[in-house]
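Residues per chain are reported as follows:
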Amino acid sequence: MSPSTKDALLIALLRACAVAAAAVVVLIVAFVARDSWPALRDIGIVRFLSDDWSPTGADPGFGIMPMLVATLVTSAGAITLATPLGIASAVFAHFYAPRGLAVLLRRVMELLAGIPSVVYGLWGLVVLVPLLLRFAPPGQSVLAGTLVLTVMILPTVALMADVALAAVPAPTLQAAHALALPRHAIALKVAVPAARSGIVTGIVLAAGRAVGETMAVLMVCGNVVKLPTSVFDPVRTLTANIALEMGYALADHRAALFVSGLCLLLMWMALASTAGLVRGGRHA
Amino acid sequence: MLDHGHGRALGAAVALCVSLTFAGCTDGGSERSVTSQRLVLTGSSTIAPLVADLARQFESQRPGVRIDVQTGGSSRGISDVRQGLAGIGMVSRGLADAESDLVGYKLAIDGVALIVHASNPLVNLTQEQVVEVYTGRVRDWRELGGAPGPITVVHKADGRSTQEVFLGHFGMDPAEVEPSVVIGDNEQGVKSVAGNPGAIGYVSIGAAEASAEFGVPIKPIALDGHVATSESVALGSFPLVRELTLVSNGPLSPLASDFVAFARSPYAREFIEAHYFVAVD
C-alpha cells in the first residue's frame, strides 16, 4: 500500500468518526426538540415563563422560571467560588509549593475529580445540610447546593489551570525572570494571562458540569419550586425537576420536562460559544 | 433510582423483546421453550425491592426463567400494563374506579408513618394538627406542645403513591401544601428528618422501622393515638395504610400467573415481612 493510499484511508476513517460524533449530538438535540414540540406548540413559551409549576393539577401550570433561576443561581455561585480557588491552587502548585507538595495537591485534585456526584450529594446531605441548619432551617438550600457544586467543580478548574500553566512557553517565563520580576508578578501577570485560553476552557467545562449536575443538587437543594429570596431558601433546579418527575410524567407534563431539557441544552450552547468568543482573541 | 428515563427506555426495549418472545410462545403452542421465558414487572418503587427479592427466589426454583423488575411509580405500572410494555404492574394502592379495566391481586399492606427526629419530645399528633403543619398554618413546634423551634416540613414529590395516600387520607389538595423540603424516595426522606431536629416527614412504615432499627435518629409518631407499627397495620387499627397490588391487563400469561401465585403463597410471607410490609390472607 502506497503512503498516499494509507493517507486516504486514514482520512476517510477520521471523517467517518467525526461525522458519527457530530451526528450523535445532532440526534440528541433533535430528539429533545421533537419531544418538547407538543408542549411549546400547545402551551406556548409565555406560559413556561409566567405560570406556576403544577403540571398535574386540575388547572395545570408549566412555569419553569423558578427552576431556571435556581439552576442559574447555584451554578453561577459555584463558578464564582471555584474559579479563584481553582486558579489559586494551580498557581500555588506551579510557583510556590515544594515539588512533593505540588504532586500531592495534583493527586488530591485528580481524586476529587473522580468522585461520583452521588457521593458529594450524600456528604452534603449528612454533613453540610445539618451544619447550615444551625443558621437557618431547613438547611437544604441554595447555599448548600452552591457549596456542594463548588467542591465538585473545583478540581476541574484547578486541573485545567494546572495543565494550562504547564504549557506556558519556557522562554516567556525565562524572559520574566530575566527582567527580575518578583515571583507573584511572574505568576499572576505573566503566566496566568498566557494560560488564559486553557483556564477559560476549564471554567467552561466546570460550568457545564455545574449546570448539568442532578443527583447532588437533588439531595441538598430541598427541591421546593419557589423563587428563592435568600441563600437559605430551598430551590429546585431544572435537572432535579426532570429527575424527580420524569418517571411519573405523561403527555403535556412529560413534554414540559423535555422543554426543561431543551433549556439546559441551550444554556450549555450559550456557555460554550461565549467561551469560544473569549478564547477567540488569541486563537483565531 | 433516579434514572427513570433510562430505565423506562430500557424497560420498553426489554418488554418489546418479551412480548415478541411470548407472541412466539403462543403461536408455537406445545413447542414453548423453558429457556426463553421472561417476565417484566414495572411500577411502584415501594414494591419493587420486595418483588425483586421474590423474583430471585422464583428464578432459582424455575431455571430458565428471567424476571425483570423496574421502578417508575405506580402510574407507570398502570400505563405499562395497559400498553403491554409490562406483564405485571406494581401499584402501591388499591385500584381506582377508572382502572376497572385492570385486574388487581392484593400482595401486601403498607402503612405510611409520620416521622420526626428522635430528639422530638412529641409522641402523638392529631389529624387536624398534621393538616395545620402541612398547610403552613402552624410553623413552630411550640404551638403543638413541643420544644420551641421552626418546623421543617418534608414532603414527597408529585407522582409518588406515598404522597397520594398521605394527601388523600388528610383530604389535602397538593397545591395547599407548603413544604420546606421536597424529597424523592423513602431513604432521602429518612435522611432529611434524621439530620434535622425540627423536621417532620412521612415515609413507608417499613422504611421507618428498618431505619430506626438501624440506629438512625428518627421515630415514628402516633396519629390520633394510633401507633405506627407493622403490628397495628396488621391488626387493621392504623388509619394511614395502602394496599400493595399487582395488576394485569386481562388474563395473566401462564408464567405471570405462576409468579402471582408464588408471591401470594405462604412461602413469600417471610419476604414480605422482611421488607416490613404486612402479608394478607
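Details of the structure are given in the entry above.
Residues numbered from 1 in each chain as written. Chains lettered and ligands numbered in written order. Predicted model: local features only at pLDDT ≥ 70, side-chain atom pairs only at ≥ 80, totals over all residues.

**Q** Looking at this structure, how should I read the overall build of chain A?
**A** Secondary structure summary: chain A contains 12 helices and 2 strands in total. Along chain A, from the amino end to the carboxyl end, the secondary structure elements read α-α-β-β-α-α-α-α-α-α-α-α-α-α. Counting only C-alpha atoms, chain A reaches 75 × 65 × 30 Å along its principal axes. Expressed as a percentage of its 284 residues, the buried residues of chain A come to 39%. Within chain A, residue pairs in contact and separated by at least 24 positions form 74% of the contacts whose partners lie at least 6 positions apart. (Helix = DSSP H or I, 4+ residues; strand = E, 2+ residues; numbered from the N terminus. Buried ≥ 20, exposed ≤ 12 C-beta atoms within 10 Å, placed from the backbone. Contact = placed C-beta atoms within 7 Å.)

**Q** Looking at this model, I keep getting lost on the overall build of chain B. Mind explaining?
**A** Check the secondary structure of chain B and you find 10 helices and 11 strands. Here chain B holds 281 residues, and the buried ones make up 46% of them. Of all intrachain contacts in chain B linking residues separated by at least 6 positions in sequence, the fraction that spans at least 24 positions is 74%.

**Q** Teacher, can you tell me more about the interface of chain B and chain A here?
**A** One frequently used descriptor of interface size is the decrease in accessible area upon assembly of the parts. Chain B puts 26 residues into the contact, and the matching count from chain A is 27 residues. Every element with two or more residues in the side of chain B that touches chain A is listed here: α1 (4-28), α3 (74-82), β7 (181-183) and α6 (186-194) of chain B. Tallied by class, the residues present in the side of chain B that touches chain A amount to 9 nonpolar, 14 polar and 3 charged. (Nonpolar A, V, L, I, M, F, W, Y, C, P; charged D, E, K, R; others polar.)

**Q** How should the nonpolar core be read in this particular structure?
**A** Across soluble globular proteins, nonpolar side chains show a tendency to be buried alongside one another. Counting residues in each nonpolar core, the largest one holds 142 residues, and the members touching the most others are A:Val157, A:Ala161, A:Val220, B:Leu114 and B:Ile115. With 16 residues, helix α6 (residues 142-166) of chain A is the largest single contributor of residues to this core. Setting aside chain neighbours within four positions, we find A:Ala161 in contact with A:Gly86, A:Ile87, A:Ala90, A:Ala195, A:Ile199 and A:Gly202. (Core = buried A, V, L, I, M, F, W, Y, C linked by C-beta atoms within 7 Å.)

**Q** What is the right way to read the packing of helix α7 (residues 170-178) of chain A against helix α8 (residues 183-194) of chain A from this model?
**A** When two helices pack together, you describe them by how their axes are tilted relative to each other and by the distance separating the axes. Residue and element names in this part refer to chain A. Relative orientation of the contacting elements α7 and α8 amounts to 160°, with a least axis distance of 11 Å. Comparing the axis directions of α7 and α8 gives the class roughly antiparallel. Two packed elements cross with a definite hand, and for α7 against α8 that hand is right-handed. In contact with Thr-172, Leu-173, Ala-176 and His-177 of α7, α8 contributes Ile-186, Val-190, Ala-191 and Ala-194. (Axes fitted to C-alpha atoms, helices over the stretch in contact; angles between N-to-C directions. Parallel < 35°, antiparallel > 145°, perpendicular 65-115°, else oblique. Left-handed = near helix turned anticlockwise from the far one by under 90°.)

**Q** I tried to follow the pairing of strand β6 (residues 152-156) of chain B on my own but got confused; where do I start?
**A** In the case of a regular strand, side chains alternate between the two sheet surfaces. Residue and element names in this part refer to chain B. For β6, the tally of buried residues reaches 5 of 5 residues, placing the bulk of the element in the interior. Where burial is concerned, the two faces of β6 agree: the one with Thr-152, Val-154 and Lys-156 and the one with Val-153 and His-155 are both buried. Sheet analysis places β6 next to strand β8 (residues 199-204), joined by 2 bridges and oriented parallel. The residue of β8 that forms the bridge with Val-153 is Ile-200. Of the strand pairs in this sheet, β6 and β7 are connected by 3 bridges, and their pairing is parallel. Note that in β7 the partner of His-155 across the bridge is Val-182. (Pairing = 2+ DSSP bridges.)

By themselves, these figures tell us nothing about what the structure is for.
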